[in-house]
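Single-letter residue listing:
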Amino acid sequence: MTEQIKSTRVSAVDALRGFAVCGIIIIHFLEHMNFRTLPEATALDTSIFNMVMFLGSSKMYAIFALLFGFSCYIQHHNQEKKGFDFRGRFAWRMVLLFLWGMLDLVFYNGDILCTYAIIGLLLIPFVKASNKVLVAAAIVLFLQPIELFHIFGGMINPDLKPLSLGVFKLWGPVMKPCAEGGFIDVAMANLKYGVHLNVGYAIEHGRFTQTLLLFVVGLLLGRKRLFLDEGNNLKMWTKALVISFCAGIVFYTLETSLPSLVESRTISSSLRTLLSMWRNFCMTTFYVSSILLLYYRTDFQKILHPLSYIGKMSLSNYLIQSLVGGFLFYNWGLNLWTKCGHGVSFLMSIVFLVCLYFFCKWWTTNHKRGPLEEIWSRLTFIGRKN
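### Examining the overall build of the protein chain
Here is step 1: Looking only at helices and strands, the protein chain has 17 helices and zero strands in total.
Here is step 2: Relative to a compact globule of 386 residues, whose C-alpha radius of gyration would be 21 Å, the protein chain shows 21 Å and is just as compact.
Here is step 3: Across the protein chain, contacts joining residues at least 24 apart in sequence account for 81% of those joining residues at least 6 apart.
Here is step 4: Summing over all exposed atoms, the protein chain offers an accessible surface of approximately 17900 Å²; the carbon and sulfur share of this is 68%.
Here is step 5: One way to put it: in the protein chain the 35 positive side-chain charges average out to a point 9 Å from where the 21 negative ones average out.

### Section: the pattern of salt bridges
Here is step 1: In total, this model carries eight salt bridges according to the counting rule given.
Here is step 2: Of the charged contacts in the structure, one is a salt bridge between Glu-80 and Lys-128, with a shortest N-O distance of 3.0 Å. Of this pair, Glu-80 sits in helix α3 (residues 59-81) while Lys-128 sits in the loop between α5 (113-123) and α6 (131-142), placing them 48 residues apart in sequence.
Here is step 3: Taking the relative accessible area as the measure of exposure, Glu-80 reaches 47% and is therefore partly exposed.
Here is step 4: Salt-bridge contacts for Arg-225 lead to Glu-230; the nearest nitrogen and oxygen are separated by 2.8 Å.
Here is step 5: Take Arg-225: its relative accessible area is 15%, and that puts it in the buried class.
Here is step 6: We classify Glu-230 as partly exposed; its relative accessible area is 25%.
Here is step 7: Among the charged side chains, a salt-bridge network with shared partners connects Arg-369, Glu-374 and Arg-378.

### A word on the side chain of Ser-270
Here is step 1: In this structure, Ser-270 sits in helix α12 (residues 265-297).
Here is step 2: Overall, Ser-270 belongs to the buried group, its relative accessible area being 4%.
Here is step 3: The residues touching Ser-270, leaving out its near neighbours within four places in the chain, are Glu-147, His-150 and Ile-151.

### A short note on the packing of aromatic side chains
Here is step 1: A complete count under the given rule lists 31 aromatic pairs for this structure.
Here is step 2: Ring geometry for Phe-68 against Phe-90: centres 6.4 Å apart, planes inclined by 70°, an arrangement best described as edge-to-face. A residue pair is termed long-range when its members are at least 10 positions apart, and Phe-68 in helix α3 and Phe-90 in helix α4 (residues 87-107) qualify at 22 residues.
Here is step 3: Take Phe-90: its relative accessible area is 1%, and that puts it in the buried class.
Here is step 4: A centroid spacing of 6.4 Å and a plane angle of 90° characterise the contact between Trp-171 and Tyr-201, whose relative ring orientation is edge-to-face. With Trp-171 in helix α8 (residues 171-180) and Tyr-201 in helix α9 (residues 183-204), this pair connects stretches of sequence that are 30 residues apart.
Here is step 5: Residue Tyr-201 is classed as partly exposed on the basis of its relative accessible area of 25%.
Here is step 6: By the ring-pair criterion, three or more aromatic residues cluster together here, those being Phe-64, Phe-68, Phe-86, Phe-90, Tyr-116, Phe-215 and Phe-381.

### Thoughts on the packing of α4 against helix α15 (residues 314-329)
Here is step 1: Contact geometry of α4 with α15 gives a least axis separation of 8 Å together with a crossing angle of 20°. Classified by the angle between their axes, α4 and α15 sit roughly parallel to one another. By crossing handedness, the relation of α4 to α15 is classed as left-handed. Packed against α4, whose contacting residues are Trp-100, Leu-103, Asp-104 and Phe-107, the element α15 presents Leu-315, Tyr-318, Leu-319, Ser-322, Leu-323 and Gly-326 at the interface.

### A look at the environment of Ile-48
Here is step 1: In this fold, Ile-48 is placed in helix α2 (residues 43-56).
Here is step 2: Residues Ile-48 and Trp-237, spaced 189 residues apart in sequence, show a C-alpha to C-alpha distance of 30 Å.
Here is step 3: Setting aside residues no more than four positions away along its own chain, Ile-48 makes contact with Leu-30, His-342, Gly-343 and Phe-346.

### Things to note about the side chain of Gln-321
Here is step 1: Tracing the backbone shows Gln-321 in helix α15.
Here is step 2: Judged by its relative accessible area of 0%, Gln-321 is buried.
Here is step 3: A distance of 3.1 Å separates the side chain of Gln-321 from the backbone oxygen of Tyr-318, its partner in a polar contact.
Here is step 4: Here the side chain of Gln-321 touches Ser-322 through a polar contact of 3.1 Å, side chain to side chain.
Here is step 5: With residues near it in sequence (within four places) discarded, Gln-321 still touches Ile-25, His-28, Met-33, Tyr-108, Gly-326 and Phe-352.

### Some thoughts on the nonpolar core
Here is step 1: Core analysis: the biggest nonpolar cluster contains 107 residues, and Tyr-116, Phe-227 and Trp-237 have the highest contact counts within it.
Here is step 2: Grouped together as the second largest cluster of nonpolar side chains are eight residues, Phe-251, Ile-267, Leu-271 and Leu-274 included.

### Topic: a nonpolar patch on the surface
Here is step 1: A cluster of nonpolar side chains, namely Trp-92, Val-95, Leu-99, Ile-375, Leu-379 and Ile-382, defines an oily patch on the protein surface of about 500 Å² accessible area.
Here is step 2: Those elements that place two or more of their residues in the nonpolar patch are α4 and α17 (371-380).
Here is step 3: Along the chain, the position of Ile-375 falls in helix α17.

### Some remarks on the environment of Leu-274
Here is step 1: Along the chain, the position of Leu-274 falls in helix α12.
Here is step 2: In this structure the C-alpha to C-alpha distance between Leu-274 and Glu-255, which are 19 residues apart in sequence, comes to 8.6 Å.
Here is step 3: Leu-274 has contacts with Leu-143, Gln-144, Glu-147, Leu-148 and Ile-151, leaving out every residue within four places of it along the chain.

### Examining the state of the cysteines
Here is step 1: Under the definition given, this model contains zero disulfides.
Here is step 2: Sulfur of Cys-246: no disulfide; nearest cysteine sulfur belongs to Cys-282 and is 9.8 Å away.
Here is step 3: Residue Cys-282 is classed as buried on the basis of its relative accessible area, which comes to 7%.

Conventions adopted
Residues numbered from 1 in each chain as written. Predicted model: local features only at pLDDT ≥ 70, side-chain atom pairs only at ≥ 80, totals over all residues. Heavy atoms only, no water. Helix = DSSP H or I, 4+ residues; strand = E, 2+ residues; numbered from the N terminus. Rg over C-alpha atoms; globule rule 2.2 N^0.38 Å. Contact = heavy atoms within 4.5 Å. Areas by Shrake-Rupley, 256 points an atom, 1.4 Å probe, with all protein chains shown as cover. Lys, Arg positive; Asp, Glu negative; His and termini not counted. Charge placed at Lys NZ, Arg CZ, Asp CG, Glu CD. Salt bridge = Lys/Arg side-chain N within 4 Å of Asp/Glu carboxyl O. Buried < 20%, exposed > 50% of the residue type's maximum accessible area, 1.4 Å probe, protein only. Phe/Tyr/Trp six-rings, centres within 6.5 Å; stacked < 30°, edge-to-face > 60°. Axes fitted to C-alpha atoms, helices over the stretch in contact; angles between N-to-C directions. Parallel < 35°, antiparallel > 145°, perpendicular 65-115°, else oblique. Left-handed = near helix turned anticlockwise from the far one by under 90°. Polar contact = N/O pair within 3.5 Å; in protein donor to acceptor, adjacent residues only side chain to side chain. Core = buried A, V, L, I, M, F, W, Y, C linked by side-chain atoms within 4.5 Å. Patch = residues over 30% accessible without salt bridge, like charges linked within 9 Å, V, L, I, M, F, W, Y side chains within 5 Å. Disulfide = S-S within 2.5 Å.

What follows is the structure in structure tokens.
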């Protein structure tokens, strides 16, 4: 069973992960590595930005998170077959991931790796929990308890304030060096404020809870072998495709209308976050279902399969895009955020992805893992003799 799952990861799952990585890179380039404003935005720039953000923002990271949970299952399952309890090593692996995130912060203030590392530690108690416990946890997390607390709390207490962890005031200190400072200035500001900024932003905007939800769901999908083309799995994904599409339309309609009808700022804000997270979950499910069905049942697999080269090196590619993106758009590099519209930035991201594809294809043809993935794996098992 383990070998079969490994084989499937190389094809369908890695292609899915590659799709997410490509989407993340395109979004980051359009955002100019968190510079969302333009000196003069044309109608075309605005249209491209809005369309890409609607289709991809949060959804690409959501796919990434789902597959993070699936990878957690694979790692624990493989080690369990050898007679090892991987939970301790997984905790150490999250410490290493946090350090990778700190390295990423040197180049880019929007790092997600530190946040994933922290949430990953919360996944450990679920590794050996029953499927019923996983389902129950997923339901609770899907309901966004923090937002529900503020919605009902706002009904009881009109003076209740929206959740704030002081994140907004940190944007200035991290973005000013990017616009005016040198490389050292950017690195120092990001290392000082980056973790608070990104983890706090995730909590304030429902992404922390949503990410843990996707970790748990990915773990459950791994147990159920639902990423494999066997049994009635594709029928399940077909149903998920239809349901997620219909539910997504409903949640989007509510998201764009309901919050504006509520006078309470706290209730309105939490309601908007709640509906946004539900819509994003539906769109993520739609993407995953679509890609798996296309991969397993159509000739579209020939187009999707090359994404697996990028997916196999997701950690390496994530840090490469931070380094390249920082150089392209920040003041310490080419400072292109002041010069490039979203249309040009989109084309730049495509050129970068083409180059990244050829590099990843060459590297994975000659190596088992990506360069940073290899270091991460070796450090994960440091000290083990067998």
